[in-house]
Amino acid sequence: GLVAHHSPPRVLTHGETGALMLRECPTGRSLAAMAGHTEPITTSCFSPDGQTAAAGASDGSVRLWRTDHAPQSHFIEGSNDAMLAAWASSDGARAL
């Protein structure tokens with residue numbers, strides 16, 4: 001998967017590894033590898049201000065990371081079902 005943020009220009013990428021990658025645009029240079037999921041990531045998003053990245057995975061959990069230094073900031077254990085969509089409200093106060 002691929003999700004872009006405009007300011008600063010960065011992208012989130014994810015695949016089968018369970019890690020979320022933060023990359024610089026347009027170079028593709030890796031800025032951070034955000035690990036923690038035990039199953040493949042199925043969805044991801046940036047907060048509106050670009051300071052937080054969220055990822056949902058097949059393990060049913062959601063993890064949040066700060067994009068300025070990439071430590072995991074929150075972990076939300078979900079059901080046994082895969083997370084299929086990620087979303088952040090325009091004010092950054094809520095995420096799903």
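Residues numbered from 1 in each chain as written. Predicted model: local features only at pLDDT ≥ 70, side-chain atom pairs only at ≥ 80, totals over all residues. Heavy atoms only, no water.

J.: Before we go on, may I ask you to explain the overall build of the protein in this structure?
T.: Across its full length, the protein carries zero helices and eight strands. When its helices and strands are written in sequence order, the protein yields β-β-β-β-β-β-β-β. The proportion of buried residues among the 96 residues of the protein is 38%. Partitioning the contacts of the protein with sequence separation of at least 6, the portion at a separation of at least 24 is 31%. Total accessible area computed for the protein in this model is approximately 5,300 Å², and 55% of it derives from carbon and sulfur atoms. (Helix = DSSP H or I, 4+ residues; strand = E, 2+ residues; numbered from the N terminus. Buried < 20%, exposed > 50% of the residue type's maximum accessible area, 1.4 Å probe, protein only. Contact = heavy atoms within 4.5 Å. Areas by Shrake-Rupley, 256 points an atom, 1.4 Å probe, with all protein chains shown as cover.)

J.: Sorry, what's going on with unusual backbone geometry here?
T.: With glycine set apart, most residues show a phi of negative sign, and most peptide bonds adopt trans. Backbone torsion omega between S7 and P8 reads -10°, so that peptide bond is classified as cis. Among the secondary structure elements, P8 is positioned in the loop between β1 (2-5) and β2 (10-14). The omega angle of the peptide bond from C25 to P26 is 0°, so this bond is cis rather than trans. Along the polypeptide, P26 turns up in the loop between β3 (20-24) and β4 (30-34).

J.: Just to check I follow, could you spell out the pattern of salt bridges for this structure?
T.: Two side chains bearing opposite charge may form a pair once their charged atoms approach each other closely. Taken as a whole and assessed by the stated rule, the structure comprises two salt bridges. Linking E24 and R29 is a salt bridge whose minimum nitrogen-to-oxygen distance equals 3.3 Å. Residue classification places E24 among the partly exposed positions, given a relative accessible area of 26%. A salt bridge links R66 to D68; the nearest nitrogen and oxygen atoms lie 3.6 Å apart. Look at R66 and you get partly exposed, because its relative accessible area is 29%. Taking relative accessible area as the criterion, D68 reaches 49% and is therefore assigned partly exposed. (Salt bridge = Lys/Arg side-chain N within 4 Å of Asp/Glu carboxyl O.)

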